[in-house]
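For reference, the chains in residue letters:
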Amino acid sequence: MVSSPKPTVKFRKDYQPSQYLIKHTDLIFQLFDSHVLVTAEIDIESNPNRKNPQELTPLVLDGDELELLEIYVNGSNLDSTQYEIVDNGLIVKQTAEKFTLKTLTKIYPQQNTSLEGLYQSNGKFCTQCEAEGFRKITYYIDRPEIMSEFKVRIEGNKNQYPQLLSNGNMLSSGDLDNGMHYVEWHDPFPKPCYLFALVAGDFDCLEDNFTTMSGRNVKLELFVDKGKLDQCRFAMDSLIKSMEWDEQKFGREYDLDLYMIVAVSDFNMGAMENKGLNIFNTRYVLANTQTATDSDFEGVERVIAHEYFHNWTGNRITCRDWFQLSLKEGLTVFRDQKFSEDMQSKAVQRIDQVKIIRAAQFAEDSGPMAHPIRPDSYIEMNNFYTVTVYNKGAEVIGMMHTLLGEEGFRKGMDLYFERHDGQAVTCEDFIKSMEDANNVDWTLFRHWYSQAGTPSVKVTLSKVASGQFKLHCQQSCPATPGQDVKKPFMIPIKVGLLSTRGKPIQFKANGATLASEALLVMTESEQTFILDCDEEEVIPSLLRDFSAPIKLEYKYTQAQLAQLFASDPNSFNRWDAGQTLMSEILLNDNEIIDEAALKIIADAVSAILHDENLDNALKALAVQLPSLNSLIGLSNNINMDQLINKHQQLKKYLAQSLEHVWFSAYNTTAGDNSGARWLRNIALSYLLRANEDQHFELAVSQQNHANNMTDEISALQVIALSSEKFKADYINRFYKKWAHEDLVLDKWFTAQVLNENDDVIEHIRELLNHEKFSIENPNKVRAVIGSFAGGNLTQFHNPTGAGYELLADIIIKLNSINPQIAGRLTTLFNQWKKFDVKRQALIKEQLFRIKSTDNLSNDVYEIVDKSLQM
Ligand code: TRP
Ligand code: ZN
């Protein structure tokens, strides 16, 4: 066994300003068939703000898998005593207050499967430098606070790479000898190297224009694989909408004359906000109604907006160090969420956001990787692009918005931009801007940045006198790794009151004016609020719109929950009451769900389906059971077999007892819109669950006649879930039709891994050998393994352990191919402590097997090690 040195932990408290700054960066890339030569000329200056300004230490540069060919300081060649190549970089011993360093390095992008640094995808060159990928391109101070002005020259074969792109504006271009050509770029905005980008290839391009609010014309270019232009319009329209929205909502205008987006097939994440040259996973660009589902369209709109919004929250103002990641990600997710709420249905968007928090973030917060939105330490930064930093980070910004109101929030944002434009700053700087602009003291609010874990608030309501109630709230937060005791959080709780018959009631909270809603702000571990109204009995509607990322505990009766589910005027809470009703029944100790409870839920669901005032998308959401993932996120002790049984039992009961209702919803829900399609397809899946033999033909007929991908893939999904003997024919037919569309094939793979029968694991092992599967393509790995282990919990938790073994096999294989994706998959084991001892033992066995792998990457090591320490 090759034992690698134990990876080092980086701590936030150890932050030191860089010894040196880089004022200018001049890069020359020469692209060849087997390698790339990188010439880097960087203007170094000592940092006046360094720790010991009287001292000049050697210059330490980061570098990873680079071959150094030449090195010069101020034009003269260094001899081997003047510099030293170390494990992860280069030390230049000869130094000065100010000098120019020039290096020539050789790299091998054609062999780079990590998809970090410079690599190839479908024969095109592209880059991914966040978080620490630039060090795989050239020797550099690879930290976000080093902001430098970049000039880039790219030379490559003109036939193979007619387009040579980088950040900023094009300066010049021209032909060279031997069929080569060059393009030179200049980005006038100093930027950290993680925002550097280079693309070279032969693309189709969709062009458009945007006139900014000050009247400047911006050229918009969308580059895609040849032949895909008919899948670009929606992404371009989304970009234009985003640009308009940021001007209207935040007064922020785009700052360059050119905005480029390039779509590539091989990408570790969704997309990357490189200045002026975004690089996207094709999944978040390519879409037309034939190839993309309604939710794919939403994803495209959201991610296009997210990357565009980064131009102000991320690029113009960036992070001082990577511990501050939520400064840009939490804020930018918040912004893309508000954008989506304005473009789509607000309630539906909010429900989707909360589903992510409950199914993924609560789980992360209760597992070995629990961390504050501003982490205190990390081994591998890639492991901290998490739902906590992104989505809980967005919830924390959302609480600021709730506390300050629209106007106050905008004032804070304006001050933040005014103070920090062009700087690399911290979360603290952001909070300070909000405080100063609004004259508030948020000492307590800061705990959201420093403490991990999901707070719980226990609420009781008692009658004090006729028409007067006391709402008592008590908060607590469980221990998380490294944080045993927690200080109280500042928690905004939005509440309403309903009469026992479900009518909204006006009330006064703590003597304030009469209103139908109040914002109660907790600042202590225990607090009481007085509510005055004209009723003898009320049902509280608590934590409306999920006004804080917490678990709220209130002892509702099933009848009260059913009442809220039927009539809460707050759409979010109406949905939430249904989820709470179902969650409690699914998670209680009963081995099976009793008849009475089943009936309460079925009646409530039936009422929802018959409610003429409710739109189809909200109906679709309301009749879906809480996912197994969200149930696991809610509880620390899971009886998996019992939970899966009860989940099946409830679905089956709803399917059968409401069969005629589903049938009529399937046949009479009209409309060529996403809400209607969603509801019809949920009805279809319930119908097949009610009686597969009888309704199978409905699915087949839908597959035959669908004129959009939402209906086509929904039909395939229920077919693939079924036990029907001939289903393989339909699966093959879909394959033949779509074998040429990579993104559609991802859906085809996923549909098959969700089958809950015992033979699915064997089938997945066959899919891994399918000619269209590639372990080097993250979308394929996510479509097959990610969807299986994250979405088919019945078989992932198969009591034989075969599901765990399958995931571990892939992690071990990917460890050397793409550590970032391997690390991400490893987190799918993180909930192991919640299961029965047998499953715990089976998962631990796989974790130990992974841990003993030769040359384990930092990415995987960090996750397994923390998981095993639980
Ligand atoms: N900054 C990107 C975003 O949120 C995230 C990202 C894209 C990323 N690719 C990455 C993060 C690779 C780490 C590694 O928009
Ligand atoms: Zn982002």
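These numbers were taken from a predicted model, which means no experiment stands behind them.

1. Details of the overall build of the chain
- The number of helices and strands found in the chain is 26 helices and 33 strands.
- Against the compact-globule benchmark of 29 Å for 870 residues, the chain has a radius of gyration of 28 Å, which places it among compact chains.
- Summarising its shape, the C-alpha atoms of the chain cover approximately 85 × 65 × 60 Å along the three principal directions.
- Taken across its 870 residues, the chain has 60% of its residues classed as buried.
- Long-range pairs, those at least 24 residues apart, make up 70% of the contacts in the chain with a sequence separation of at least 6.
- Only carbon and sulfur atoms are counted for the fraction: they give 47% of the accessible area of the chain, which is about 34000 Å².
- Averaged over its 87 positive side-chain charges, the chain has a centre that lies 3 Å from the centre of its 119 negative ones.

2. What to know about the coordination of the zinc ion (ligand 2)
- Taken together, the protein donors to the zinc ion (ligand 2) comprise His-306 (NE2), His-310 (NE2), Glu-329 (OE) and Glu-329 (OE), at separations of 1.9 to 2.7 Å.
- What the 6 donor atoms of the zinc ion (ligand 2) show is an angle range of 46 to 161 degrees at the metal, which sorts the shape as irregular.
- Spacing between the donor residues of the zinc ion (ligand 2) along the chain follows H-x3-H-x18-E. Remark: Glu-329 occurs in helix α3 (residues 325–343) and His-310 occurs in the loop between α2 (294–309) and β22 (318–319); sequence separation between them is 19 residues. As far as burial versus exposure is concerned, His-310 and Glu-329 are alike and both buried.

3. Re the site of ligand 1
- Near ligand 1, the surroundings consist of 16 residues, among which Glu-130, Ala-271, Glu-273, Glu-307 and Tyr-390 are the closest.
- Between ligand 1 and the protein, one listed contact pairs a nitrogen atom with a side-chain N or O atom of Lys-328 at 3.4 Å.
- With respect to ligand 1, the side chain of Glu-329 contributes an N or O atom lying 3.1 Å from a nitrogen atom.
- Protein coverage of the free-state accessible area of ligand 1, which is 370 Å², stands at 97%.

4. So, the domain arrangement of the chain
- Taken domain by domain, the chain comprises domain 1 (318–450), domain 2 (456–560) and domain 3 (739–870).
- Using only C-alpha atoms to locate each centre, domain 2 and domain 3 end up separated by 41 Å.

5. Things to note about the side chain of Asn-288
- Along the chain, the position of Asn-288 falls in the loop between β21 (277–281) and α2.
- With sequence-adjacent residues up to four places away left out, Asn-288 is seen in contact with Asp-230, Gln-231 and Phe-297.

6. Re the packing of aromatic side chains
- For the structure shown, the criterion picks out 40 aromatic pairs.
- Judged by centre distance (4.8 Å) and plane angle (70 degrees), the ring pair of Tyr-194 and Trp-322 falls under edge-to-face. Of this pair, Tyr-194 sits in the loop between β15 (180–191) and β16 (198–201) while Trp-322 sits in the loop between β22 and α3; the two residues are 128 residues apart in sequence, bridging distant segments of the chain. Each member of the pair, Tyr-194 together with Trp-322, is buried.
- For the ring pair Trp-245 and Phe-309, a centre distance of 5.1 Å and an interplane angle of 35 degrees mean the geometry is tilted. Placement of Trp-245 in helix α1 (residues 233–250) and of Phe-309 in helix α2 is noted, with a sequence separation of 64 residues between them.
- Grouped by ring-pair contacts, the aromatic residues Trp-245, Phe-250, Tyr-254, Tyr-259, Tyr-308, Phe-309 and Phe-339 constitute a single cluster.
- In this structure, Arg-153 is placed above the aromatic ring of Tyr-182, and the distance from its NZ or CZ to the ring centre is 4.2 Å.
- The ring of Trp-312 has Arg-252 lying over it, and the distance from NZ or CZ to the ring centre is 4.7 Å.

7. Quick word on unusual backbone geometry
- With an omega dihedral of -5 degrees, the bond running from Glu-130 to Ala-131 counts as a cis peptide bond.
- By secondary structure assignment, the location of Ala-131 is in the loop between β11 (124–128) and β12 (148–157).
- Positive phi outside glycine occurs at Asn-178, with the angle close to 60 degrees.
- On the basis of relative accessible area, Asn-178 is assigned to the exposed category, the value being 73%.
- Backbone geometry at Asn-439 places phi at a positive 55 degrees, although glycine is not the residue there.
- Mapped onto the elements, Asn-439 comes out in the loop between α6 (427–438) and α7 (447–450).
- With relative accessibility at 74%, the residue Asn-439 sits in the exposed group.

8. Quick look at the sheet that holds strand β5 (residues 67–73)
- Pairing is mixed across the open sheet formed by 8 strands, whose spatial order is β6-β5-β9-β3-β2-β12-β15-β14. Of all the strands in the sheet, just β6 (76–77) and β14 (169–175) have a single pairing partner and so form its edges.
- As judged from the 6 bridges shared by β14 and β15, these two strands associate in the antiparallel manner. Across the sheet, residue Ser-173 finds its bridge partner in β15, namely Val-183.

9. Focus: the pattern of salt bridges
- If you walk through the whole model with that rule in mind, you get 60 salt bridges.
- In this structure, Lys-241 and Glu-301 form a salt bridge, with 3.7 Å as the shortest nitrogen-oxygen distance. Here Glu-301 lies in helix α2 and Lys-241 lies in helix α1, a separation of 60 residues in the sequence.
- You can call Glu-301 buried: its relative accessible area is 3%.
- Salt-bridge contacts for Glu-428 lead to Arg-446; the nearest nitrogen and oxygen are separated by 2.9 Å. On the criterion of sequence distance, the pair formed by Glu-428 in helix α6 and Arg-446 in the loop between α6 and α7 is long-range, its members being 18 residues apart.
- Given the relative accessible area of 31%, Glu-428 is considered partly exposed.
- In this structure, a network of salt bridges that share partners links the residues Asp-62, Glu-132, Arg-135 and Asp-142.

10. As for the packing of helix α4 (residues 346–365) against helix α5 (residues 387–420)
- With their axes 10 Å apart at the nearest point, α4 and α5 run at an angle of 130 degrees to one another. Taken as axis vectors, α4 and α5 run oblique relative to one another. Crossing angle aside, the handedness with which α4 passes α5 is left-handed. Mapping the contact onto sequence places Arg-350, Ile-356, Ile-357, Ala-360, Gln-361, Glu-364 and Asp-365 in α4 and Val-387, Thr-388, Asn-391, Lys-392 and Glu-395 in α5.
- Tallied by class, the residues present in the contact of α4 with α5 amount to 4 nonpolar, 3 polar and 5 charged.

11. Things to note about the state of the cysteines
- Scanning the entire structure with this criterion turns up 0 disulfides.
- Here Cys-126 is not disulfide-linked; the sulfur of Cys-129 is the nearest cysteine sulfur, at 10 Å.
- Note on Cys-129: no disulfide assigned, nearest cysteine sulfur contributed by Cys-193 at a separation of 6.8 Å.
- The exposure class of Cys-129 is buried, given its relative accessible area of 0%.

12. As for α2
- Its 16 residues give α2 an end-to-end C-alpha distance of 23 Å, which sits within 8% of 22 Å, the value for a rise of 1.5 Å per residue.
- Most of α2 is tucked away: 13 of the 16 residues are buried.

13. Focus: the sheet that holds strand β20 (residues 271–272)
- Spatial strand order, β17-β18-β19-β21-β20: 5 strands in an open sheet with mixed pairing. Because the sheet does not close on itself, it has two edges, and the strands there are β17 (204–211) and β20.
- Across 5 bridges, the pairing between strand β19 (residues 258–264) and β21 is parallel. Each residue of the ladder has a partner; that of Val-264, found in β21, is Asn-281.
- Packing against the sheet, α1 makes contact with β17, β18 (217–224) and β19, and its axis sits at approximately 25 degrees to β17.

Rules used in this analysis
- Residues numbered from 1 in each chain as written.
- Chains lettered and ligands numbered in written order.
- Predicted model: local features only at pLDDT ≥ 70, side-chain atom pairs only at ≥ 80, totals over all residues.
- Heavy atoms only, no water.
- Helix = DSSP H or I, 4+ residues; strand = E, 2+ residues; numbered from the N terminus.
- Rg over C-alpha atoms; globule rule 2.2 N^0.38 Å.
- Buried < 20%, exposed > 50% of the residue type's maximum accessible area, 1.4 Å probe, protein only.
- Contact = heavy atoms within 4.5 Å.
- Areas by Shrake-Rupley, 256 points an atom, 1.4 Å probe, with all protein chains shown as cover.
- Lys, Arg positive; Asp, Glu negative; His and termini not counted.
- Charge placed at Lys NZ, Arg CZ, Asp CG, Glu CD.
- Donors = N, O, S within 2.8 Å, 3.2 Å for Na, K, Ca; no water.
- Tetrahedral: all angles 85-135°; square planar, octahedral: opposite > 155°, others 65-115°.
- Near = heavy atom within 4 Å.
- Polar contact = N/O pair within 3.5 Å; in protein donor to acceptor, adjacent residues only side chain to side chain.
- Domains from an automatic or database assignment.
- Phe/Tyr/Trp six-rings, centres within 6.5 Å; stacked < 30°, edge-to-face > 60°.
- Lys NZ or Arg CZ within 6 Å of the ring centre and 35° of its normal.
- Pairing = 2+ DSSP bridges.
- Salt bridge = Lys/Arg side-chain N within 4 Å of Asp/Glu carboxyl O.
- Axes fitted to C-alpha atoms, helices over the stretch in contact; angles between N-to-C directions.
- Parallel < 35°, antiparallel > 145°, perpendicular 65-115°, else oblique.
- Left-handed = near helix turned anticlockwise from the far one by under 90°.
- Nonpolar A, V, L, I, M, F, W, Y, C, P; charged D, E, K, R; others polar.
- Disulfide = S-S within 2.5 Å.
- Expected span 1.5 Å × (residues − 1).

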